[in-house]
Amino acid sequence: MQKKLQKQEKTLGLLVLLIMLVALVPLYIVADYAHPSVDDYSYGKLTAEAWEQTGSLWQVLVTAWERTAYTYETHQGTFVSVFLMRLQPGIFGEDYYFLTTVFLLSTFLVCSILFYYAFFNRIFKADRVKSWIIAAVLSLGAMEFTHVVSDSFYWYNGGITYTFFYSMEALLFAMLIYMYTAKKKAVKCVLCFICMILAVVACGGNYVTSLVTLELLVFVCAVTGLVEYKWIKKENKKKASVCKVNIRQSLASNQNGLNSNKKIEKKQKKEENCKTFLRKNGIIEKYRIWLKKQIDAIVGEVENTSQFSKSLEDFGSKKTVKNNLNAERAICVQEEGAKRIPNVRFTTWNLYLCLFVLLAAVVTFLFVVIAPGNALRQEKTGEANNPVIAIMLS
């Protein structure tokens, strides 16, 4: 029955993949009719001239970087999106503008599917096939129900400013999930570095994505800290209870040892009295030999009966045994504390890495919002064109 269900799930997964491919084909075909418009010309003018004059891709990148710095100083602080807007495919020839749709649509689907897959597979522990089906259906639905398809997937400047950076935001949180659930610290560190780069890219795209990403990262750090705190508290309670159980068992064992030694002493005394009685009353020699063997056997058993017999001789009294239990309790607490320290460090490692990503996002957000171009534009117009800028600059 289980194998049959798994086979049906795989068949459904392949069907979803087929539906997605069928839905994508016409969208990619229509991309051949797309052409530059509006901001594509103003942002791509100088980079197009650099390509025509030099034919060097490096010179195009240098020009884009210089114009991005100029825009940052005079117009707005979204430096990542401005840099990418100056590299629209039309600067190399209008025949290449169809790459806009290929790039934007493919990036959107890949990042969206990766986020949903990581979310359901790593957080909700769904298997791979189910996670793929859910991720593909949700991503396909988001693509099909896009409000303005022309601006989202067929216009480079509009799509790169909003669609692309939404994709980068989804990819960022997918990597955060993989970072949080990774088991090796080396993998966590590599993913943290990738997340920091993605945080800079996502927060440098547009004001809306920058603000939303920052808020979500604060929420993620708060939830991570709360989960780690509860986990550490639970583990400490568990280890404390284990330590108490060990102490109780040790106390019970020592008490049993004391009782066992008392019984042995009484038995030895009884045997000695029996031996003395037999000697005094002149019992025949063979009984004396037989009794001697019995007594030797009993003495041998006495020496191996309890593991606490030697400790009893060393301690000599209940007070010494109690002191030994206190020492054992201290050793138990010390050992548990030594075990607890690496666990605390390992669990809070996730929180530290999330805070590093948040720090990268905060710094980028400040660079974007508190830019000379924003203040200059506000001074010229008398008000900020973006509500986020208005709030931050007030």
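The structure we're discussing is the one just above.
Reading the values: the criteria
- Residues numbered from 1 in each chain as written.
- Predicted model: local features only at pLDDT ≥ 70, side-chain atom pairs only at ≥ 80, totals over all residues.
- Heavy atoms only, no water.
- Helix = DSSP H or I, 4+ residues; strand = E, 2+ residues; numbered from the N terminus.
- Buried < 20%, exposed > 50% of the residue type's maximum accessible area, 1.4 Å probe, protein only.
- Contact = heavy atoms within 4.5 Å.
- Core = buried A, V, L, I, M, F, W, Y, C linked by side-chain atoms within 4.5 Å.
- Patch = residues over 30% accessible without salt bridge, like charges linked within 9 Å, V, L, I, M, F, W, Y side chains within 5 Å.
- Areas by Shrake-Rupley, 256 points an atom, 1.4 Å probe, with all protein chains shown as cover.
- Salt bridge = Lys/Arg side-chain N within 4 Å of Asp/Glu carboxyl O.
- Axes fitted to C-alpha atoms, helices over the stretch in contact; angles between N-to-C directions.
- Parallel < 35°, antiparallel > 145°, perpendicular 65-115°, else oblique.
- Left-handed = near helix turned anticlockwise from the far one by under 90°.

Participant: A description of the side chain of E169 should follow, citing residues and the corresponding values.
Facilitator: Looking at the element boundaries, E169 is found in helix α9 (residues 163-181). For E169, a relative accessible area of 9% corresponds to the buried category. Beyond its immediate chain neighbours, meaning those up to four positions away, E169 contacts A202, T209, V212, T213 and L216.

Participant: Tell me about the nonpolar core, and please be specific about residues and values.
Facilitator: Counting residues in hydrophobic clusters, the biggest one holds 61 residues, and the most contacted among them are M143, M168, L172, L176 and V357. With 13 residues, α9 is the single largest residue contributor to this core. Sequence-distant contacts of M143, defined by excluding residues within four places in its chain, comprise A23, L24, L27, L105, F108, L109 and F153. Counting residues in each nonpolar core, the second largest holds five residues, with A48, V60, A64 and L87 among its members.

Participant: Could you give an account of a nonpolar patch on the surface, with specific residues and numbers?
Facilitator: A surface patch of nonpolar side chains, about 590 Å² in accessible area, is lined by Y352, L355, F356, L359, V363 and F367. Residue placement: L355 occurs in helix α14 (residues 318-369).

Participant: Tell me about the packing of α9 against helix α10 (residues 185-203), and name the residues and values.
Facilitator: Contact geometry of α9 with α10 gives a least axis separation of 9 Å together with a crossing angle of 160°. One finds that α9 runs roughly antiparallel with respect to α10. As α9 packs across α10, the resulting crossing turns out to be left-handed. Seen from α9, the contacting residues are F165, M168, E169, L171, L172, M175, L176, Y178, M179 and Y180; seen from α10, they are K188, L191, C192, I194, C195, L198, A199, V201 and A202.

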